[in-house]
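Okay, here's what each chain looks like letter by letter:
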Amino acid sequence: MAKKLDESQVRHVAKLARLDLTDDEVARFSGQLSAILGYVEKLNELDTDSVEPLAHCLPIHNIFREDVVTESLDTESALKNAPQRIDSFFKVPKILEDDSGE
Amino acid sequence: MADELLNLTCKQLRDKIAAGAVKSTAVVEAVLAQIADIDDTIGAYISTFNKHALETAEAVDEKIAAGESMGALAGVPVAIKDNMCTDLGATTCASRILENFQAPYNAHVVEKLLAADAVIIGKTNLDEFAMGSSTENSGLKRTVNPWDMERVPGGSSGGSAAAVAARMCFAALGSDTGGSIRQPAGFCGVVGLKPTYGRVSRFGLVAYGSSLDQIGPVTRDVADAALMMNVIAGRDKRDSTSVSEEMAPVCDYLEKLDEDVKGLKIAVASGFNAGADEHIRNALASALDIYKNLGAQIVEVKMPHLDYAIAAYYLIATAEASSNLARYDGVHYGHRTESPADYIEVYSKSRAEGFGAEVKRRIMLGTYALSSGYYDAYYLKALKVRNLIRKDFTNVFEKADCIIMPTSPTTAFKLGEKIEDPLQMYLTDIYTLAANLAGVPAISIPCGFDADNLPIGLQILSPAFTEEKLLRIARMFESKTNYHTHRPKPAEHTK
Amino acid sequence: MSELEYKLVVGLEIHVHLATRTKLFCGCELVYGGEANSRVCPVCIGMPGVLPVMNAQAYEFAVLTALALNCKIANFTKWDRKSYYYPDLPKNYQISQYDLPLGEAGYIEIPLETGRTKKIRIIRVHLEEDAGKNTHTLGNFSAVDLNRAGTPLLEIVTEPDMNSPEEVRALAVELQRIVRYLGVSDADMQKGHMRFEPNINLTITKAGSEHKTPIVEVKNLNSFRAVEKSVAFEVQRQLDEFAETGLTMASGNKSTRGWDDENEVTILQREKEEAHDYRYFPDPDLVPVEIDAEWLDEIKLRLCELPIEMQKRFVTEYKLSDYDAGVLTGDRFTAEFFDTAVKAGADAKRVCNLLTQTGMKLANEAGCNVADLGISAEDLSKLAKMTDAGDISATASAAIFEEMVKTKKAPDVIASELNLLQKSDAGELEAVVDEVLAANPDAVADATSGGKKTKKARGFLLGQVMQKTKGQANPKIVSQILDKKLS
Ligand SMILES: [Mg+2]
Ligand SMILES: [Zn+2]
């Protein structure tokens, strides 16, 4: 039986999720995720054409805060956990200008 | 003497401390000694705050000696699951990716505990990012069940449940996304309450499935669960999904706890419990008999969509998780790979190195469920089924005050037994997931033991924001039984 | 090769920073500049466990703008997460609005050359959070500053209704004018408050059939000049490319280009390996927004007359030139100051001249708006009326304006203090006229001759009267007296 999620799909999803998987992981996930997706198929037994999706359990809306300034962190605390920094910036390897940023 | 002390409930201990009969310092010392004694074996704690705990206890003792009025948990040692942020030390989520992360702030519940003069002893182990049902997915350490060292404590709040059961604290906080408080409570023979979604602020709780996550207490009895709720429940303006006082007022959950619910109607979903082990079905039947003797009426109801809860849950929770965990990328905090070739590798390698297998698996599943071309078939479909499941609950709660079902289909299983088969592991959550999908409160209380002397959990679910009644219903059972007073003997195993 | 016939088609995506005090989902203060990562908190750094809470003011600003853009306001909206990995996006998702934008199906009317306007349709208006800032100019690494992360950003998307670089620019400028009128954004281009992304292609007619060139999106333009220039550049580039390759629009061949401001060219940006897959889904940490009629009415009260409407009204009602009306409606304070002065009874053209010739010069020197020079619209109106009545000369009015700004005194007080009031007493002036006529019989003869010297001689006589009164005679009155005496 063809897998629900073959290895090339696993690799594609891993790229979307920014996970550098080993070949071994790719093979394992392909099997495990296919089994899970196979199980999930059971949802198709239900006719949901006229059912609204439920993203929030709570019937609440319009929760706002006033536009009032609260204290920011001091720069040292903000950068305390940074793996690398340069002056008061977070430091990363050079970002190539592409269209990732929106 | 120390042992007697450690066996007290929070409520008993608080009263003794407040009356000056017991010093908080002595209690904290006893708890730290117990941890030093047995936690090498149990593995409940990721970190302890010995210095902070002793200092807090001293301060409490001084204030009590000075006659000052104190909070509801004055001097009581409590533990928190290590996915709630504190500025007392690291917040790891049992993940290597956050191993050294120091939050510059406290979770709302931590602030509440501190304001109630509780003594925060330390932070408990969990399945990495709360993803799991056995605590075996911890990236940092192993926790075993205090009732049987070969078995899992349940999960993901396995550390909290094990710590409470093994007298390494008097109460603990857990988080419950699909059963992560109730199932380990059931496995460890303690009480675990998942409040209504929105009842307790999630601010400072590291998100797994944000529309499902809820913080709740793990305690030794129902009264302590009520006491803990008195401390942590309520609106927090930093969490948009924590509900207002107008919508659902917080009440004193202890006040009427011992009043029986008159004319109690209990629903049982017909056919749904058949998949549980025989011991568990028997315990459930006995429990229903006890309620009948208390005058309750049992009604069989149909909840046709509960069978779909696992499928819907694992799509919704993982979809949210894939997004919630995107932030762990080695840029602003957390683990960063040693020598990335470029900035993309900072992401893909740091995440590959930092996350364990189950977290990766769930991120993969959730990413797939949201990805272009699959969203409607998986994620959207799951949201629709979630609505159907909620409607099942709404219908039942028109006819009954609560629903009773097992907490889990089995008692605590063996370490390693299910870890290689994630789907089998997911299927163990069959009874707990629906409460999260519907947002309703649910409690697990001890209701017996199987042939191996492993605790069995009884689960009671009630309508949204009826925790007060839910606790009273649970208390009715507890007051007629003594399962909750049994304790494991982990010390004997270690010595 | 012969010239190709073509039509330019441009749609614009605009991002505007809203001028709230704090960020969209946390209380960090919005301040331009300052030390990197000094305006950040656990929420906008995206630390574990933190949650966003909506800024009410940002939402209202967004709705107000959508109303001004004639959009239909959604009474139910929600927040969605848009996933992509970038170091300036701490959570690696942006909180935005996907399928239910707060405003839809509107239009913006933009002024074109003299008097002509054009309606550009708006597809959608939605609110989202801005990212931080990456700095790349530092050798082999980049530096990330999150001060900007979480700034409320209004995204406005137009239909491809623009057909020239000038129209694209006009839309950008008009939008700036609108958001400033509404007070929802400082719209300071230097501070990056507005960013533009035109989608450009051509419909080329060749041998009787139409060919559409592939769409190019130019990213992150932050000046009007760059907007106009980049579109103009793309026209030529796409024409050349079509001539060379014959490539036409097909699914998947849309490309993204950056703008090189120095060389004034667009540059192809690196294509990503996989197509965008933003995996939008509703943000579970935020609750939906429902706008009822009452709230909407409350927001509508904050709408003002739009600049383009004011500009048109100044032309039709006040008979100003389109140019003058455009200058006066450049900003709301000037326009309203002007309008109030005119409504206080002064001649519109006179007030316009005072403001554009003297007022704006003074405001420029003071580094403020004309409305903030410290003089009231009523006093300005009075000054205009005095000038028109001939109580003061046009030259004197400018001097008085300056003095008003300096001393804050009323124009009539200044005029009399500085002795700038013109003589309008007919009896007194008649005596002077008589003197002048008596002294210049030749000119009188010419002036009454009816011949071609009449006009010049009359002017000479008027000049003599003005000289004798040291310029303080009201030329209108003198002229009337001369008319009478010479008839
Ligand atoms: Mg955008
Ligand atoms: Zn902030």
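Residues numbered from 1 in each chain as written. Chains lettered and ligands numbered in written order. Predicted model: local features only at pLDDT ≥ 70, side-chain atom pairs only at ≥ 80, totals over all residues. Heavy atoms only, no water.

Moving on, we get to the overall build of chain C. Helix and strand content of chain C: 16 helices and 18 strands. Its C-alpha atoms give chain C a radius of gyration of 30 Å, more than 25% over the compact-globule value 23 Å for 487 residues. Each principal axis of the C-alpha distribution contributes one length, and for chain C these read about 95 × 60 × 50 Å. In chain C, which comprises 487 residues, the share counted as buried stands at 55%. The contacts in chain C between residues at least 6 apart in sequence include a share of 69% that link residues at least 24 apart. Just so you have it, chain C exposes about 20800 Å², and 50% of that area is on carbon and sulfur atoms. Charge centroids of chain C, computed over 58 positive and 74 negative side chains, lie 4 Å from each other. (Helix = DSSP H or I, 4+ residues; strand = E, 2+ residues; numbered from the N terminus. Rg over C-alpha atoms; globule rule 2.2 N^0.38 Å. Buried < 20%, exposed > 50% of the residue type's maximum accessible area, 1.4 Å probe, protein only. Contact = heavy atoms within 4.5 Å. Areas by Shrake-Rupley, 256 points an atom, 1.4 Å probe, with all protein chains shown as cover. Lys, Arg positive; Asp, Glu negative; His and termini not counted. Charge placed at Lys NZ, Arg CZ, Asp CG, Glu CD.)

For the rest of this paragraph, the subject is the coordination of the zinc ion (ligand 2). Residue and element names in this part refer to chain C. For the zinc ion (ligand 2), the full set of protein donor atoms is Cys26 (SG), Cys28 (SG), Cys41 (SG) and Cys44 (SG), and the range of their distances to it is 2.3 Å. One can describe the donor arrangement at the zinc ion (ligand 2) as tetrahedral, given that its four donor atoms subtend angles of 100 to 117° at the metal. Mapped onto the polypeptide sequence, the residues donating to the zinc ion (ligand 2) form the spacing pattern C-x1-C-x12-C-x2-C. In this pair, Cys26 is assigned in the loop between β1 (5–17) and α1 (42–45) and Cys41 in the loop between β1 and α1, connecting sequence segments 15 residues apart. Judged by its relative accessible area of 6%, Cys26 is buried. (Donors = N, O, S within 2.8 Å, 3.2 Å for Na, K, Ca; no water. Tetrahedral: all angles 85-135°; square planar, octahedral: opposite > 155°, others 65-115°.)

The next point concerns the nonpolar core. Residues B:Leu73, B:Leu113, B:Phe129, B:Tyr291, B:Phe393 and B:Ile460 are the most contacted members of the largest nonpolar core, which totals 230 residues. If one sorts the elements of this core by residue count, helix α10 (residues 309–324) of chain B sits on top with eleven residues. Core analysis: the next-biggest nonpolar cluster, separate from the first, contains 107 residues, C:Leu12, C:Ala170, C:Leu373 and C:Ala377 among them. (Core = buried A, V, L, I, M, F, W, Y, C linked by side-chain atoms within 4.5 Å.)

Residues and elements named next belong to chain C. Direction vectors running N to C along helix α3 (residues 165–182) and helix α6 (residues 307–318) enclose 100°, while the axes themselves pass 9 Å from each other. It follows that α3 is roughly perpendicular to α6 by the angle criterion. Residue-level contacts link Glu174, Arg177, Ile178 and Tyr181 of α3 to Pro307, Ile308, Met310 and Gln311 of α6. Partitioning the contact of α3 with α6 into residue classes produces five nonpolar, one polar and two charged. (Axes fitted to C-alpha atoms, helices over the stretch in contact; angles between N-to-C directions. Parallel < 35°, antiparallel > 145°, perpendicular 65-115°, else oblique. Nonpolar A, V, L, I, M, F, W, Y, C, P; charged D, E, K, R; others polar.)

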